[in-house]
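# Descriptive analysis of the structure
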Amino acid sequence: MVTAETTNKNLTYLQMDDEYVNPVLARSFRIVAERAKGSYIYDMNGDAYLDFTTGIAVNNVGHCHPRVVEAVQKQAAQLMHTSVVTHHKGYIELCKRIVEITPASLNSVFLANSGAEAVEGAIKLARYVTGRPGIINFRGSFHGRTFMTMALTTSKLNYREKYEPLPSSIFTLPYPYTYRSHFRGNPEACLEDSLKQFDALFTQIVHPEQVAAIIVEPVQGEGGYIVPPVTFLKRLRQIADKHKILLIVDEVQTGFGRTGKMFAIEHSDIEPDILVLAKGIAGGMPLSGFVSRKELTNKWPAGRHGTTFGGNPVSCAAALATIDVLLDEKLPERAARLGKEMLERLKKAAEGKPHVGEVRGLGFMMAIEFSDKDGNPSKENAEKAVAKCFENKLLVLTAGSHGHVIRLIPPLNLSDDEAESALKILEKCMSV
Ligand code: PLP
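Residues numbered from 1 in each chain as written. Predicted model: local features only at pLDDT ≥ 70, side-chain atom pairs only at ≥ 80, totals over all residues. Heavy atoms only, no water.

### Comments concerning the overall build of the protein
Looking only at helices and strands, the protein has 15 helices and 15 strands in total. Against the 2.2 N^0.38 benchmark of 22 Å for 432 residues, the protein shows a C-alpha radius of gyration of 22 Å, consistent with a compact globule. For the protein, the spread of C-alpha atoms along the three principal axes comes to 70 × 60 × 45 Å. Counting every position in the protein, which comprises 432 residues, the buried fraction comes to 54%. For the protein, the distance from the average position of its 50 positive side-chain charges to the average position of its 49 negative side-chain charges is 2 Å. (Helix = DSSP H or I, 4+ residues; strand = E, 2+ residues; numbered from the N terminus. Rg over C-alpha atoms; globule rule 2.2 N^0.38 Å. Buried < 20%, exposed > 50% of the residue type's maximum accessible area, 1.4 Å probe, protein only. Lys, Arg positive; Asp, Glu negative; His and termini not counted. Charge placed at Lys NZ, Arg CZ, Asp CG, Glu CD.)

### As for the environment of alanine 349
Along the polypeptide, alanine 349 turns up in helix 13 (residues 331-350). Note on alanine 349: relative accessible area 12%, which makes it buried. For the pair alanine 349 and tyrosine 225, spaced 124 residues apart in sequence, the C-alpha to C-alpha distance is 19 Å. Apart from residues lying up to four places away in sequence, alanine 349 is in contact with Glu427 and Met430. (Contact = heavy atoms within 4.5 Å.)

### Focus: the layout of surface pockets
In this approach a probe as big as a water molecule rolls over the atoms, and the regions it shows empty are the leftover space. In this model, the second largest pocket occupies a volume close to 780 Å³. Val84, Tyr91, Val109, Phe110 and His305 are, among the 32 residues lining the second largest pocket, the residues nearest its centre. For the lining of the second largest pocket, the elements supplying multiple residues, two or more each, are helix 5 (89-101), strand 4 (108-112), strand 10 (288-292) and helix 11 (294-297). In terms of residue class, the lining of the second largest pocket is built from 12 nonpolar, 19 polar and 1 charged. (1 Å grid on protein atoms, 1.4 Å probe; cavity = no way out; pocket = protein on both sides within 12 Å on 5 of 7 lines; lining within 4 Å. Points joined across faces, edges and corners; volume = space filled by probe spheres on them. Nonpolar A, V, L, I, M, F, W, Y, C, P; charged D, E, K, R; others polar.)

### Examining the packing of helix 4 (residues 66-78) against helix 12 (residues 313-328)
Two elements in contact, helix 4 and helix 12, have axes whose closest approach is 8 Å; the angle formed by their N-to-C orientations is 155 degrees. As far as their axial angle goes, helix 12 and helix 4 are roughly antiparallel. Every pair of crossing elements has a handedness; the one defined by helix 4 and helix 12 is right-handed. From helix 4, Arg67, Val68, Ala71, Val72, Gln75 and Ala76 reach across to helix 12, where they touch Pro313, Val314, Ala317, Ala318, Ala321, Thr322, Asp324, Val325 and Asp328. (Axes fitted to C-alpha atoms, helices over the stretch in contact; angles between N-to-C directions. Parallel < 35°, antiparallel > 145°, perpendicular 65-115°, else oblique. Left-handed = near helix turned anticlockwise from the far one by under 90°.)

### Let's talk about the site of the ligand
The ligand sits among Ser114, Gly115, Ala116, Phe142, His143, Gly144, Glu217, Glu222, Asp250, Val252, Gln253 and Lys279. When the free accessible area of the ligand is taken as 390 Å², the share hidden by the protein chains comes to 82%. Among the residues making up the shell around the ligand, the classes are represented as 3 nonpolar, 5 polar and 4 charged. (Near = heavy atom within 4 Å. Areas by Shrake-Rupley, 256 points an atom, 1.4 Å probe, with all protein chains shown as cover.)

Have a look at this one:
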């Protein structure tokens, strides 16, 4: 007899997964992806899911973009790995390309594999060249899961608890999260209050001359898609300049068109000392990096940092194709326009729904924050909305310290029809 269970081709693999995969690896949905194309993921049963997760802000050019696939196939047949044994063309071309698309002052690139690894490298560079130990980070931030990046991550206890001792000399200040502050509705007042904490930090806890860097996400990702006032980064730049502290901007999640500009710093018109890149850089292939100023990197002697796999030829080829697609198809602009329209629709849908705290976003980094009946963050309501979306074959993820936010991270080349389908589902699912 053929039962629903035996026709579910996902099940065999899920059972094997339960048996062989380290259970620490949490997955969001119990489906097994077999293939993906554009905005859709197909499971082993052939069911299609509209993907508003993009592998956590990675597939910015959609799944398996033909130009990226072609570049990967061609490169894989030609040269797959050299490590630091030799130079290779793709590495050099990609570094040149990154310098061309990032702010003018940034002109020296290091390539790595993951976001956390790139943040680690950026911190090592900052400490080495300044000779200072201190790092200032922000509450609610996420920078990765290695020891230094865990120490810099304060979005959730889950990421740090029971792993202590963590690296020290890290000083955490509040991020201007207006909605959950005393200044709801007044982002500028919230910003001033957050920045005031620098004075207290520098008089009570650490002398600014002992601080190597400030590290910041231009829009907080894991923290709940929190968009600070546009002047936030400018003010940080001023503080950093005043005390000769380096400003590290972590664009791992916001980069490569996600916020409606190639990089989120362009909204604030500032140039960081170190810009950290990953996720969307290579269309789904593992790659990351950080770009800085030669004046700094020239003080970092050869061999003081390195990697075996970072800047792998196949990943570099994928990144070069991805950047071309982003620019040729004007995808950041598309994310800016469509993101604005979608946000307006979602804000309208949220009207009169007290459990929807706030709808916010920048470009294609959009979020719906849920509250309970007393106005407190509600993980339960966010999870109900995620489950309803899943029933309607729309994949969305949660974020936020309480898991009370759902984040919408579509591919930047989402079609108008796909946007409409998703909006209809989301409008329905907001009524949890
Ligand atoms: N920095 C930010 C802002 C991130 O969002 C992430 C991952 O979500 C990381 C760093 C860590 O990246 P990875 O998971 O590739 O190590």
